[in-house]
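Take a look at the letters that make up each chain.
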Protein chains: 2
Amino acid sequence: GFGIASLNEEDYTWVLSRLAIEILEMPKEYEKFTIQTWVENVYKLFTDRNFVILNQNGKEVGYARSIWAMINMKDRKPANLLELHGDEIENYILNKSCPIDKPSRIKVEATNPTEILTAKYCDIDINGHVNSIRYIEHILDLFPKSLYESKRIKRFEMAYVAESYYGDQLFFYQNEIEDNHYNIEIKKDNQDTVCRSKVIFK
Amino acid sequence: GFGIASLNEEDYTWVLSRLAIEILEMPKEYEKFTIQTWVENVYKLFTDRNFVILNQNGKEVGYARSIWAMINMKDRKPANLLELHGDEIENYILNKSCPIDKPSRIKVEATNPTEILTAKYCDIDINGHVNSIRYIEHILDLFPKSLYESKRIKRFEMAYVAESYYGDQLFFYQNEIEDNHYNIEIKKDNQDTVCRSKVIFK
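Just so you know, these numbers come straight off a predicted model, no measurement behind them.

> Just checking my understanding: could you explain the overall build of chain A for this structure?
Looking only at helices and strands, one finds three helices and nine strands in chain A. Compactness check: chain A gives a C-alpha radius of gyration of 18 Å against a globular reference of 17 Å for 202 residues, within 12% of the reference. Here the C-alpha coordinates of chain A stretch approximately 50 × 45 × 30 Å along the principal axes. Long-range contacts, defined as pairs at least 24 residues apart, comprise 64% of the intrachain contacts of chain A with a sequence gap of at least 6. Accessible surface, chain A as shown: approximately 11200 Å² in total, 49% of it carbon and sulfur.

Now the structure itself:
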């Protein structure tokens, strides 16, 4: 199978490359919601996994697109998805589209960082890397509370480029490329790009 | 009832005052565990709620003690627990002890802060306060990764004293009162105490 537990036994693991999320309506407190997920495409080095969020009435209230690679944990090299388990992965493809745009190319031109943080203990996950969710939290923390009070996030994108580690200094570069539309880039020790993000408020 | 949803309808809510946790063995990845909880005591202004963590074989692997007050959300004043719903709360008391020490008095004498942080968007909870778990994360972040690699936390205590808000500057004062035994105090804007913590590594 392609689940993480059985993959780990074979020294392979999934690595998240890109993410795009759009939420139309947030579930209320105590409201039950459902998440459905499916594989839309499989390429040699990447696979597209989509998500839909349904509210308690079965209405579609949010979508996500994600792009994953599989790597060998010993040499960190990407696996050829089409050759693994003799093509078996293609059986998982569902011919169903996702109504939100694919993750885009994100370009950041800011030359002065708006924030500099050091990766600390609670940022680090079981693999010794800064956790993917923590980058998102640090990016959300760049915006003032007043912005969240007058608007909400319509679309959020992440492109995970490289790993960062405990003690790394993370430099946050931020462009408002148009009204309520921000591009952000994180560089470790002010050099290599760790990730890029797009945040659109509405 | 005394559940948070029905209390909120009556404009009351529970407020966490103190917490002490001791974990003897951490559950393994994918291991199921169970948490049991009971009320040990009810006083006029506080109630003691204890917890035990059981591993998948039913062995007790951790304990927690917590102390809660109930406040009126309109005037923030504490409620008299013994008078609410005509003494009904006493019916919930279970005559069962908890094998770990009660939360202690925590004294911090350091005069220079070891860390200064600003409360950011992701620190804030639905009530507009810095989230209780975030204080714990910021305290855990005070210790170097090397300490976690050679030791683990044997006992963790928190005393929540006052609330802090978005934009507050949090000053962290830290004493190693004996080997591997740290007392920490957080003051907002370097004045009022927000919380105190004790962390014992072993």
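> How should I be thinking about the relation of the copies chain B and chain A in this particular structure?
What connects the two chain copies is a rotation about an axis and a shift along it. When chain B is brought onto chain A, the operation consists of a screw motion whose angular component is 180° and whose axial shift is 0.0 Å, with 0.0 Å RMSD remaining. Both copies are brought into coincidence by an operation consistent with a two-fold rotation axis. Among all C-alpha atoms of chain B, that of Leu117(B) lies closest to the rotation axis, at 5.4 Å. Of the interface residues in chain B, 100% have counterparts in chain A that sit at the interface too, so the contact is made through matching surfaces.

> Help me out: how do you make sense of the environment of Leu117(A) in this one?
Of note, Leu117(A) is situated in strand S5 (residues 115–118). Each C-alpha atom, one on Leu117(A) and one on Lys188(A), is 9.7 Å from the other, the two residues being 71 residues apart in sequence. Apart from the residues within four sequence positions on either side, Leu117(A) is in contact with His138(A), Asp168(A), Gln169(A), Leu170(A), Phe172(A) and Lys120(B).

> Can you walk me through unusual backbone geometry in this structure?
In most cases, non-glycine residues show a negative phi, while peptide bonds are predominantly trans. Residues and elements named next belong to chain B. Positive phi, close to 70°, is recorded for Tyr30, a residue that is not glycine. Along the polypeptide, Tyr30 turns up in the loop between strand S1 (12–23) and strand S2 (34–42). Note on Tyr30: relative accessible area 60%, which makes it exposed.

> What is the right way to read the sheet that holds strand S7 (residues 169–178) of chain B from this model?
Strand pairing in a sheet relies on backbone hydrogen bonds, with the paired strands running either antiparallel or parallel. Residues and elements named next belong to chain B. If you trace the nine strands from one edge of the open sheet to the other, you get S2-S3-S4-S1-S6-S9-S8-S7-S5, paired in antiparallel fashion. Because the sheet does not close on itself, it has two edges, and the strands there are S2 and strand S5 (115–118). Adjacent strand axes in the sheet meet at a mean angle of 20° when their direction is disregarded. Here eight bridges tie S2 to strand S3 (residues 47–54), and the two strands are oriented antiparallel to one another.

> Sorry, what's going on with the environment of Ile71(A) here?
All names here are of chain A. Mapped onto the elements, Ile71 comes out in strand S4 (residues 60–72). Between the C-alpha atoms of Ile71 and Trp14, which are 57 residues apart in sequence, the distance is 6.5 Å. When residues no more than four places from it in sequence are discounted, the contact partners of Ile71 are Asp11, Tyr12, Thr13, Val15, Arg76, Lys77, Pro78 and Ala79.

> So what exactly am I meant to see when it comes to the packing of aromatic side chains here?
By convention here, two paired aromatic rings are described through the distance between centres and the angle between planes. All told, the structure shown has twelve aromatic pairs over all chains when counted by the stated rule. Each ring, one from Tyr121(A) and one from Tyr148(B), has its centre 3.4 Å from the other, and the planes form 5°; the classification is stacked. Of this pair, Tyr121(A) sits in the loop between S5 and helix H2 (132–140) while Tyr148(B) is found in helix H3 (residues 145–150), placing the two residues in two different chains. According to the relative accessible area criterion, Tyr121(A) is partly exposed, its value standing at 28%. Ring plane angle 50° and centroid distance 6.2 Å describe the contact between Tyr135(B) and Tyr160(B), whose orientation is recorded as tilted. Taken as a pair, Tyr135(B) in helix H2 (residues 132–140) and Tyr160(B) in strand S6 (residues 153–160) lie far apart in primary sequence, 25 residues in all. By way of ring pairs, the aromatic residues Tyr121(A), Phe143(B), Tyr148(B), Tyr182(B) and Phe201(B) are connected into one cluster. The ring of Tyr173(A) carries Lys187(A) above its face, with NZ or CZ at 5.5 Å from the centroid.

Rules used in this analysis
- Residues numbered from 1 in each chain as written.
- Chains lettered and ligands numbered in written order.
- Predicted model: local features only at pLDDT ≥ 70, side-chain atom pairs only at ≥ 80, totals over all residues.
- Heavy atoms only, no water.
- Helix = DSSP H or I, 4+ residues; strand = E, 2+ residues; numbered from the N terminus.
- Rg over C-alpha atoms; globule rule 2.2 N^0.38 Å.
- Contact = heavy atoms within 4.5 Å.
- Areas by Shrake-Rupley, 256 points an atom, 1.4 Å probe, with all protein chains shown as cover.
- Least-squares fit on C-alpha atoms with pLDDT ≥ 70 in both.
- Buried < 20%, exposed > 50% of the residue type's maximum accessible area, 1.4 Å probe, protein only.
- Pairing = 2+ DSSP bridges.
- Axes fitted to C-alpha atoms, helices over the stretch in contact; angles between N-to-C directions.
- Phe/Tyr/Trp six-rings, centres within 6.5 Å; stacked < 30°, edge-to-face > 60°.
- Lys NZ or Arg CZ within 6 Å of the ring centre and 35° of its normal.

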